[in-house]
Amino acid sequence: TLASPAHGPDEQLRISFEFFPPKSPDMEDQLWQTVDDLSDWNPDFVSVTYGAGGTTKAPTFAAVERLISVNGLPTASHLTCVDADKAETHKVIEDLRALGVRHIVALRGDPAAGIGTAYAPHPNGYANAAELVVGLKEIGGFEISVSAYPEKHPESADVARDIEMLKRKADAGADRALTQFFFDNDVFERYMDQVRAAGVKIPVIPGIMPIQNLTQLKRFASRCGSSVPSFLDARFAGYDDKPEDRAKVAADVAAEQIEDLRRRGIHDIHLYTMNRSALVSAVLEKVGKVKVKRAQAGAAA
Ligand code: FAD
């Protein structure tokens, strides 16, 4: 079993939501509607991605600030160290602290030229996420999450190499890892056996991607190193022109994956929302998560 000894089998499912910073006014409206729709699911925390090299710095800052001050949600900001020297990274960290951020998802990030291009560390920067975690611990005052790759990172020679990096990040003081999305829970369970055998003790929280669009997902997944098992083609076959049926299948698929993880003793999941609420809410309803009405920050409790 994957269960942590502290957690019993009937424990309530704990969730976190990942959002990305909006790129247009329409996307901005969509994000805030999504946040409103999803807040009552009572996430342990929400997180906002950060464009590698600082490309989304302003919209990431704006989103985390509003999530904290208006929505009153425990909010993590992602942070990458690629293409930045340490002074620039430290400035971003202090800016995040000033916005009220106390939880950082510490990442290396991909080179500006895109996923798959050769990575070269900045000569005066943090070379990888493990070094960034060391820097963050020295600075102090932040909870730290890091990435994990059950199917290995595309640049890693093998899973063992990948777990070496995860161990470095955990040893440096990371509090938890959030995984890249995957669809085969057996792969995750085998990965976790190797992670624990390597002496990594921090929680590793599965990243679940509800499938909004299988064709788009396949394109994206191949770049992230996530495999899309053929059973998904079969599940979605014939629904290309039937969005309502497709949404039902998508909710079933993600709910079944989560229920299977729960049977294996997992009680925490990280949901990639793609800034859309309907499918995520459908999934959480199916797995029996209970909504709790949240007071907005500043409102009377
Ligand atoms: P690291 O932890 O430093 O390394 C990851 C793996 O890559 C290691 O296992 C290591 O073995 C291997 N590796 C790293 N460098 C090399 C190398 N030079 N040669 C060989 N192998 C190497 N990206 C963003 O831009 N913004 C985000 O907000 C963001 N959020 C993410 C959230 C999660 C939960 C995950 C899983 C990924 C996220 N990413 C994000 C993607 C991430 O930035 C990329 O996958 C990036 O390529 C690696 O960053 P990392 O922090 O995982 O790297």
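Residues numbered from 1 in each chain as written. Predicted model: local features only at pLDDT ≥ 70, side-chain atom pairs only at ≥ 80, totals over all residues.

**Student:** Report on unusual backbone geometry, specifying residues and quantitative values.
**Tutor:** Although it is not a glycine, N42 sits at a positive phi angle of roughly 60°. Structurally, the position occupied by N42 is in the loop between α1 (25–39) and β2 (45–48). The exposure class of N42 is partly exposed, given the 16 C-beta atoms found within 10 Å. Phi angles above zero are rare outside glycine, and K152 is one such case at about 70°. By secondary structure assignment, the location of K152 is in the loop between β5 (143–148) and α5 (159–172). (Helix = DSSP H or I, 4+ residues; strand = E, 2+ residues; numbered from the N terminus. Buried ≥ 20, exposed ≤ 12 C-beta atoms within 10 Å, placed from the backbone.)

**Student:** Can you break down the site of the ligand residue by residue, with the values?
**Tutor:** Close contacts around the ligand come from 24 residues, with T49, H78, N128, H153 and M165 the closest. Elements with a contribution of two residues or more to the shell around the ligand: β3 (75–80), β4 (103–107), α5 and β6 (176–181). By residue number, the principal contributor to the shell around the ligand is α5, which donates three residues. Residues belonging to the shell around the ligand are distributed by class as follows: eight nonpolar, 11 polar and five charged. (Near = placed C-beta within 6 Å. Nonpolar A, V, L, I, M, F, W, Y, C, P; charged D, E, K, R; others polar.)

**Student:** Describe the packing of helix α9 (residues 243–263) against helix α10 (residues 278–286), naming the residues involved and giving the relevant values.
**Tutor:** At their nearest, the axes of α9 and α10 sit 9 Å apart, and the two run at 50° to each other. Taken together, α9 and α10 sit at an angle that is classed as oblique. Judged by the twist between their axes, the crossing of α9 over α10 is right-handed. Taking contact as the criterion, the partners of A247, A250, A251, A254 and A255 in α9 are, on α10, L279, A282, V283 and K286. When the residues that make up the contact of α9 with α10 are grouped by side-chain class, the tally is eight nonpolar, no polar and one charged. (Axes fitted to C-alpha atoms, helices over the stretch in contact; angles between N-to-C directions. Parallel < 35°, antiparallel > 145°, perpendicular 65-115°, else oblique. Left-handed = near helix turned anticlockwise from the far one by under 90°. Contact = placed C-beta atoms within 7 Å.)

**Student:** Go over helix α7 (residues 214–224), please, and point to the residues and values.
**Tutor:** For α7, the set of buried residues is L214, L217 and A221. In a view along the axis of α7, the buried residues occupy a sector of 50°, so they form one face of it. Within α7, the exposed residues directed more than 90 degrees away from the buried face are T215, Q216, R219 and R223. Where α7 is buried, its residues touch α8 (230–236). (Arc of directions from axis to C-beta.)

**Student:** Can you explain the nonpolar core? Please cite residues and give values.
**Tutor:** As a rule of thumb, soluble globular proteins bury nonpolar side chains together. If you look at the biggest cluster of nonpolar residues, it comprises 78 residues, and the most contacted ones within it are I104, A106, V133 and A177. Setting aside residues up to four positions removed in sequence, I104 forms contacts with A76, S77, L79, L96, L136, F142 and I144. (Core = buried A, V, L, I, M, F, W, Y, C linked by C-beta atoms within 7 Å.)

**Student:** Lay out the pairing of strand β8 (residues 268–272) in plain terms, naming residues and giving numbers.
**Tutor:** Sheet topology places strand β1 (residues 14–19) next to β8; five bridges connect them, and they run parallel. Within β8, the residue paired with F17 across the bridge is L271. (Pairing = 2+ DSSP bridges.)

**Student:** How would you summarise the confidence of the model for the protein chain if you had to cite specific residues and measurements?
**Tutor:** Scored by pLDDT, the protein chain has a mean of 93; 94% of the residues are at 70 or more. At the level of chain-chain contacts, confidence expressed as ipTM amounts to 0.96, with global pTM at 0.95. (pLDDT = per-residue confidence, 0-100.)

**Student:** If you had to explain helix α4 (residues 129–139) to someone new, which residues and values would you point to?
**Tutor:** Within the sequence span of α4, burial applies to A129, A130, L132, V133 and L136. Summarising the axial view, the buried residues of α4 lie within an arc of 155°, below the 170-degree limit, and thus occupy one face. Where α4 is buried, its residues touch α3 (86–98), β4, β5 and α5.

**Student:** How would you sum up the environment of N128? Please name residues and give values.
**Tutor:** Topologically, N128 is positioned in the loop between β4 and α4. Looking at N128, the number of C-beta atoms within 10 Å reads 18, which means it is partly exposed. Expressed as a C-alpha distance, the spacing of N128 and G109, which sit 19 residues apart in the sequence, is 8.4 Å. Setting aside residues no more than four positions away along its own chain, N128 makes contact with R108 and M165.

**Student:** Which residues make up the packing of α4 against α5, and what values do they have?
**Tutor:** Two elements in contact, α4 and α5, have axes whose closest approach is 8 Å; the angle formed by their N-to-C orientations is 0°. One way to sum up the angle between α4 and α5 is to call them roughly parallel. On the side of α4, the interface is formed by A129, A130, V133, V134 and K137, while α5 contributes M165, R168, K169 and A172. Its residues assigned to classes, the contact of α4 with α5 shows six nonpolar, no polar and three charged.

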